Amino acid sequence: MLVQNLFVDVDGTLMIPAQNLSFVLEKTGVVKYEDRPVPKLESPYDVLVNVKFTGICGSDVHYWQHGAIGSFIVKAPMVLGHESSGIITAVGDKVSTVKVGDRVAMEPGIPCRRCVRCKEGKYNLCVDMRFAATPPIDGTLAKYYSLPEDFCYKLPESVSLEEGALMEPLAVGVHITRQAAIKPGQSVVVFGAGPVGLLCCAVAKAYGADKIIAVDMNEERLKFAKKYAATHIVASQRESASDSAARISKVCDLGLGADVAIDASGAEPCIQAGIHVLRTGGTYVQAGMGKTDITFPIGAMGAKELNVKGSFRYNSGDYETAVALVSSGRVSVKELITGKVKFTDAESAFNDVKAAKGIKTLIEGVKD
Amino acid sequence: MSDQEQDKLKQNPSFVLRAIKDVAFEDRPVPKLRDDHDVRVHIAQTGICGSDVHYWQKGRIGDFILESPIVLGHESAGTVVEVGSAVKYVKVGDRVAVEPGVPCRPDTIFAATPPWDGTLSKYYIVAADYTYRLPDHVSMEQGALVEPVAVAVQITKVANIRAGQTVVVFGCGPIGALCQAVAKAYGATKVIGVDVVQSRLDFAKSFGADGVFMSSRAEAGVDAVEHSENVAALIAKKFNLGDGADVVLECSGAEPCIQAGVFVTKKGGTYVQAGMGKENVLFPITTACIRALNIKGSIRYTTGCYPAAVDLVASGKIDVNRLITNRFKFEQAEEAFELVKAGRSDVLKVIIEGVQ
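Definitions and limits used
Residues numbered from 1 in each chain as written. Chains lettered and ligands numbered in written order. Predicted model: local features only at pLDDT ≥ 70, side-chain atom pairs only at ≥ 80, totals over all residues. Heavy atoms only, no water. Domains from an automatic or database assignment. Contact = heavy atoms within 4.5 Å. Buried area = accessible area lost by both parts, 1.4 Å probe. Salt bridge = Lys/Arg side-chain N within 4 Å of Asp/Glu carboxyl O. Polar contact = N/O pair within 3.5 Å; in protein donor to acceptor, adjacent residues only side chain to side chain. Nonpolar A, V, L, I, M, F, W, Y, C, P; charged D, E, K, R; others polar. Helix = DSSP H or I, 4+ residues; strand = E, 2+ residues; numbered from the N terminus. Expected span 1.5 Å × (residues − 1). Buried < 20%, exposed > 50% of the residue type's maximum accessible area, 1.4 Å probe, protein only. Pairing = 2+ DSSP bridges.

## Quick look at the domain arrangement of chain A
Residue and element names in this part refer to chain A.
And then number 1: Here chain A is partitioned into domain 1 (5-166 + 333-364) and domain 2 (173-310).
And then number 2: Taking only C-alpha atoms into account, the centre of domain 1 sits 30 Å from that of domain 2.
And then number 3: Counting residues at the interface gives eight residues for domain 1 and seven residues for domain 2.
And then number 4: The contact between domain 1 and domain 2 buries some 700 Å² in all, and 72% of this surface belongs to carbon and sulfur atoms.
And then number 5: Among the residues domain 1 hides against domain 2, the three largest losses belong to Glu335, Leu336 and Ile359. Together they make up 59% of the total.
And then number 6: For the pair domain 1 and domain 2, the number of links is zero salt bridges.
And then number 7: Applying the counting criterion to the domain 1 and domain 2 interface returns one residue pair in polar contact (both at pLDDT 80 or more).
And then number 8: Looking at side-chain class alone, the side of domain 1 that touches domain 2 contains four nonpolar, two polar and two charged residues.

Encoded structure:
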């Protein structure tokens, strides 16, 4: 039985306190708490972080429920979580950019640094990427986590550790917006008003987009989007994709169509509507992940000479931009934090996310 | 002990720049692999670059100052003799071109840029992913020329040269000549080489240039910038460049060429500064502004340049053997450097054989 941080025997005798209590996905559908060794610093450029807050992503829930995403299959127990912030408790001998006591946002994917993609600066595309909570790499839902110093981003005084845990999804939003090359004065339609879609709206606004339209089938999320960063909201209806696009265009006065469409839903009808709602020469970015193969309006894409890109995680400069956007006040993430649970209640947070309750539920770090 | 026996005891003979104008041969320990991703290369051929000569004579380039001895050389090819346990890219016995600059691991190292040692030793240690296998038919001499070809590839990449474009290249030394050849290989329609030395122009015409132009120095009393403008007009007229060239590659570093280069770039065209001469020059900035030029600097090479360079050499698109005018044995390294320093117009690339 687990009481706070201590393993307690059935007759109430206190056993050894856990060194590095961790929240582990044992196998599909089964999570448990386990004590694991405190990670050692593998390199003199590594640091040890006492994890304080961790947000949950759809991918964490997906591994829990299905045990796999594409070719990444959970074959052995794995610590969950990857959207974290914490306080540095130890540094390797050659660490020079951070120190013990620093409050940091943690970038959870470490690339090889040697392949062509890494050297091009597109390290999110590294074939040998080691990403927290993507099997077989352990995640951040533990008391301690170790990573290289250059994947830790110091949080300014004005940014809380809770907000620090939102840097990861915000970096995702930054990367999507950069792929879309949003410029001041443009119109952007974002399909999906979940955390990523909402953050895309916020970043698009910070980058000067004039019209930011959030589309979703969930009324509550749309209402939130309107208060948060969207200039217009449109509720999805059962209609053809081109009708949907025409309706969005009309209601939001998009003239010949939107400059940019971002899909943060993964839903086939949204993807189709996204292509149709663009003006000629517009840009479409696929961020959402749903069905792997869909019916795609390729004729419209070709005839309208659209730029169609994928967006995956983040790379050079995205985390720095995320921290800068929040510390300068251009993007606010506090509103997205709709719940906080204790580490020992982590499973309930996962259930909430699975039920699409709230926006971001944070799991507090292990208490001493 | 006989000379032969003494030679056998040498571990890793190296050509060292000890201080300004003071070079010497030293025996150094055989270098060890620093980590699982390193390889050790037995260097076979090394070309000499103007920067090597500059460090020898002046002891500094910009902020890089010679403060302690360094091994010279950075344009090399050799054979892999040892590999780290994590190496996947190459194996022992592979013949490779060596890319001499490795960034961010965590230090940024460039061979023969102080304080880092260069490649003029028997052995050199380098990260495996900075070595590039040479096809069997490519010689070690050609392998040593891959580095300057990679420089030319980068310049062309920065200039974004595309098929059908016109290109004027100032300077017909090794880099200028290679830029002309790479521009042609990448589809440029008209490539013009400019220089003040006839023999360089003759070579360029036979190498990669479609046409060459003998430039002139300004006469006494003539305004230098006005003269450069005239030179540009003459080039544009002679080669029917109309408003100007799509791309200008400045590979000389000479102030009059920099000025003429700006004047001969068409409106909206691209000017790339690759040559290094005076650090501060008189620059026609208003012309650059009014013509909405894209002006960029180019330094060394980036991801993809080395593989492209090996391909250009291996496919025969660029015949680098023709650039090699002088060959020296390792023990004659100082003589080789003196020859490059003399700046003779009949000398293009000087190479030094490795320690056997």
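## Some words on helix H4 (residues 174-185) of chain B
Residues and elements named next belong to chain B.
And then number 1: Helix length check: H4 (twelve residues) gives 16 Å between terminal C-alpha atoms against 16 Å at 1.5 Å per residue, within 8%.
And then number 2: Counting buried positions along H4 gives nine out of twelve residues, so the element sits mostly inside the fold.
And then number 3: Among the residues of H4, Pro174, Gly176, Ala177, Leu178, Cys179, Gln180, Ala181, Val182 and Ala183 are the ones counted as buried.
And then number 4: Immediately beyond the C-terminal end of H4, within one or two residues, lies glycine 187, with a positive phi of roughly 95 degrees.

## Section: the sheet that holds strand S5 (residues 30-35) of chain A
Residue and element names in this part refer to chain A.
And then number 1: Taken in spatial order, the three strands line up as S5-S4-S9 in an open sheet, and their pairing is antiparallel. A strand with exactly one partner marks an edge of an open sheet, and here the two such strands are S5 and strand S9 (78-79).
And then number 2: Sheet topology places strand S4 (residues 21-27) next to S5; six bridges connect them, and they run antiparallel. Counted as the bridge partner of lysine 27 is valine 30 from S5.

## Description of the interface of chain A and chain B
And then number 1: Taken together, the contact between chain A and chain B spans eight residues of the former and ten residues of the latter.
And then number 2: Its largest share of buried area at the contact with chain B, chain A owes to Tyr45, Arg114 and Lys119 of chain A, together 77% of the area lost on that side.
And then number 3: In this assembly, chain A and chain B are joined by three salt bridges.
And then number 4: A salt bridge links aspartate 129 of chain B to lysine 119 of chain A; its shortest N-O distance comes to 2.8 Å.
And then number 5: Our enumeration of links across chain A and chain B arrives at five residue pairs in polar contact (both at pLDDT 80 or more).
And then number 6: Of the residues assigned to the side of chain A that touches chain B, the class counts are three nonpolar, no polar and five charged.

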